[in-house]
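Next come the chains, spelled out residue by residue.
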Amino acid sequence: MKLNKFTGALAALTAIAAIGVACNANAGGDKVAFPESHASGVMYTTVDRPDNKQFRELFTSRDAVEAAKQGKPLPSGTVITLVQYAAKLDAQGNPEKDANGRFIKGNLIGYTVMEKRTGWGTEYPDNVRNGEWEYQAFKADKAPNTAANLTGCFNCHKPLDPAKDFVFSYDKLKDAK
């Protein structure tokens, strides 16, 4: 009987610990609020994604652009907003292209945001941490996308050069006007 109580208590503690780990894994995204003023920043690049038939626009602040132009880490407070659109499709389901051969943006799908703040990221182990960045995904209505895999953001950005602040489009920031 004592063994059953011990096993039950152990199972309960394990479940509580698992919930705690799951909450900590998602807690980082809760730090990132929807960047309402992203469009008043610098749209520094666009990306066509043939693999998922998306057109994407990337926005950030003038301060982030200037830091990248100087080869410096992006400053604390930097927010990079990736706006995702479905590419406009032709009758065969292929993305339509403009006169420059670029996808034509269709309906808004959602937003993916990375934000950097001094001291963020310390709760992550070294094999996951991307400097001081946190990530969040938002639906087209600007509500957090609770189904998004934010761990995937960390895993995807982790192999990038820390000198480029774990940002895929760091070099594009240098070219921004």
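Reading the values: the criteria
- The numbering scheme is per chain: residues are counted from 1 as the chain's sequence reads.
- At least 70 in pLDDT is required for a residue's local features to be given in this predicted model, at least 80 for side-chain atom pairs to be given and counted, and no such filter applies to totals for whole chains, interfaces and linings, which use all residues.
- Only heavy atoms go into the side-chain values, all of them from the structure, while hydrogens and water stay out.
- Here a strand is any run of E in DSSP of at least two residues, a helix any run of H or I of at least four, and the numbering for each starts at the N terminus.
- Burial classification: accessible surface area is computed with a 1.4 Å probe over protein chains only, and a residue below 20% of its type maximum counts as buried, one above 50% as exposed, and the rest as partly exposed.
- In what follows, residue pairs with any heavy atoms lying within 4.5 Å of each other are defined as contacts.
- For this document, the term salt bridge refers to a Lys or Arg side-chain nitrogen within 4 Å of an Asp or Glu carboxyl oxygen.
- Only Phe, Tyr and Trp rings are paired, with Trp represented by its six-membered ring, and only when their centres lie within 6.5 Å; those with planes under 30 degrees apart are stacked, over 60 edge-to-face, the remainder tilted.
- Taken from the helix axis, the directions to the C-beta atoms give the arc we talk about.
- Note: two strands are recorded as paired if DSSP finds a minimum of 2 bridges between them.
- Scored from 0 to 100, pLDDT records how confident the predictor is in each individual residue.
- Axis definition: a line fitted to C-alpha atoms, limited for helices to the stretch in contact. Angles are taken between N-to-C directions and run from 0 to 180 degrees.

To continue, consider the overall build of the protein. Along its length, the protein carries 4 helices and 5 strands. For the protein, the sequential pattern of α-helices and β-strands runs α-β-β-α-β-β-β-α-α. For the protein, the residues scored as buried account for 35% of the 177 residues in total. Here the analysis covers contacts within the protein between residues at least 6 apart in sequence; of these, 56% occur between residues at least 24 apart.

Our focus in this paragraph is the pattern of salt bridges. Per the counting criterion, the structure on display carries 12 salt bridges. Notably, a salt bridge pairs arginine 117 with glutamate 115, separated by 2.7 Å at the nearest N-O pair. Judged by its relative accessible area of 33%, arginine 117 is partly exposed. Between lysine 116 and aspartate 165 there is a salt bridge, with the nearest N and O atoms lying 2.8 Å from each other. In this pair, lysine 116 is assigned in strand β4 (residues 105–116) and aspartate 165 in the loop between α3 (150–157) and α4 (170–175), connecting sequence segments 49 residues apart. Residues joined by salt bridges that share partners form a network here, namely Lys31, Glu123 and Glu134.

Across all of its chains, the model carries 5 aromatic pairs by this definition. Where tyrosine 124 meets phenylalanine 154, the ring centres are 4.7 Å apart and the plane angle is 45°; that geometry is what we call tilted. Here tyrosine 124, found in the loop between β4 and β5 (133–139), pairs with phenylalanine 154, found in helix α3; they are 30 residues apart in sequence, far enough to count as distant. Judged by its relative accessible area of 13%, tyrosine 124 falls in the buried class.

Those residues of helix α2 (residues 62–69) that fall on the buried side of the exposure criterion are Ala64, Val65, Ala67 and Ala68. Along α2, the residues classed as buried sweep out an arc of 160° about the axis, all on the same side. Just downstream of α2, glycine 71 is the residue with a positive phi angle, here 70°.

Most of strand β3 (residues 79–87) sits inside the fold, with 7 of its 9 residues counted as buried. Examined bridge by bridge, β3 and β4 share 8 bridges and lie antiparallel to one another. Note that in β4 the partner of glutamine 84 across the bridge is glycine 110.

With that settled, consider the confidence of the model for the protein. Parts of the prediction with low pLDDT should not have their coordinates interpreted in detail. Mean pLDDT over the protein works out to 88, with 85% of the residues at or above the 70 mark. Counting contacts from residues 1–26, a segment whose pLDDT is below 50, to residues more than four positions away or on other chains yields 0 contacts.

Quick look at the sheet that holds β4 now. A sheet is described by the order of its strands in space; here 5 strands give the open sequence β1-β2-β3-β4-β5, paired in antiparallel fashion. Looking at strand neighbours, the two that pair on one side only are β1 (42–49) and β5, the edges of this open sheet. On average, each strand axis in the sheet is inclined to that of its neighbour by 20°, with strand direction left out of account. The pairing of β1 with strand β2 (residues 54–60) spans 7 bridges and is antiparallel.

Here we take up the environment of alanine 67. By the secondary structure assignment, alanine 67 is in helix α2. You can call alanine 67 buried: its relative accessible area is 8%. Sequence separation between alanine 67 and lysine 174 is 107 residues; the distance between their C-alpha atoms is 8.5 Å. With residues near it in sequence (within four places) discarded, alanine 67 still touches Lys72, Pro73, Leu74, Pro75 and Tyr170.

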